[in-house]
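# Inside the fold
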Amino acid sequence: MTTSISENKKDFFQQVYQVVRLIPEGRVTSYGAIAIYLGTKKSSRMVGWAMNACHSMKDVPAHRVVNRIGLLTGKQHFETSEKMQELLMSEGVAVENNQVVHFIKHFWDPFIELNLE
DNA sequence: CCAGTGACGGCTA
DNA sequence: TTAGCCGCCACTG
């Protein structure tokens, strides 16, 4: 289907949530990747900031979203700082020192994954 | 209406 | 190579 998520230009947040929700288990992505997918690659901050409101959207696996270096920068915003790491570990994503091990291996690119669909 | 904030990213020194 | 600074867009007060 050519109907892309971006086509439904609702709230910027909604777009971010939609992409994050598409992230498969055991995979992670960066704020920048999502920002680029939404068309605002220069505003990677907006993506992370949007996650700040993800607390209302429990369906949004924000724990699968980390910064470009795979650092769990947003763990502080979770229920517990360890919650994010536990969730990733539970999905098979190795996390050490608040950083995703082999981040590139687990990296999930919305462009590629969603485009191949 | 104006200014500050924010879970980042890229560039320059 | 590492560290620091600026820029960016969207939202709230």
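Before any of the text, the structure's been laid out above.
The following paragraphs examine the structure supplied in this document. Nothing here was measured: the structure is a model prediction, and the numbers come from that model.

## Re the protein's contact with DNA strand B
Around DNA strand B sit 19 residues, and of these Tyr 31, Ser 44, Met 46, Met 51 and His 77 come closest. In DNA strand B, the atoms that sit within 4 Å of the protein are 54% sugar and phosphate, with bases accounting for the remainder. Between DNA strand B and Gly 32 there is a distance of 3.5 Å, counted from a phosphate oxygen to a backbone nitrogen or oxygen. One of the backbone N or O atoms of Met 51 is found 3.0 Å from a base nitrogen in DNA strand B. Elements supplying a minimum of two residues to the surface near DNA strand B: α2 (31–38) and α3 (44–51). Considering each element in turn, the surface near DNA strand B owes the most residues, 6 residues, to α3. A per-class count over the surface near DNA strand B returns 7 nonpolar, 10 polar and 2 charged.

## Some remarks on the packing of helix α1 (residues 12–21) against α3
Relative to each other, α1 and α3 sit at 85°, their axes nearing to 9 Å. Between α1 and α3, the angle is such that the two are roughly perpendicular. Contacts between α1 and α3 involve Phe 12, Phe 13, Val 16, Tyr 17 and Val 20 from the former and Met 46, Val 47, Trp 49, Ala 50 and Met 51 from the latter. In terms of residue class, the contact of α1 with α3 is made up of 10 nonpolar, no polar and no charged.

Cut-offs and rules
- Residues numbered from 1 in each chain as written.
- Chains lettered and ligands numbered in written order.
- Predicted model: local features only at pLDDT ≥ 70, side-chain atom pairs only at ≥ 80, totals over all residues.
- Heavy atoms only, no water.
- Near = heavy atom within 4 Å.
- Polar contact = N/O pair within 3.5 Å; in protein donor to acceptor, adjacent residues only side chain to side chain.
- Helix = DSSP H or I, 4+ residues; strand = E, 2+ residues; numbered from the N terminus.
- Nonpolar A, V, L, I, M, F, W, Y, C, P; charged D, E, K, R; others polar.
- Axes fitted to C-alpha atoms, helices over the stretch in contact; angles between N-to-C directions.
- Parallel < 35°, antiparallel > 145°, perpendicular 65-115°, else oblique.
- Contact = heavy atoms within 4.5 Å.

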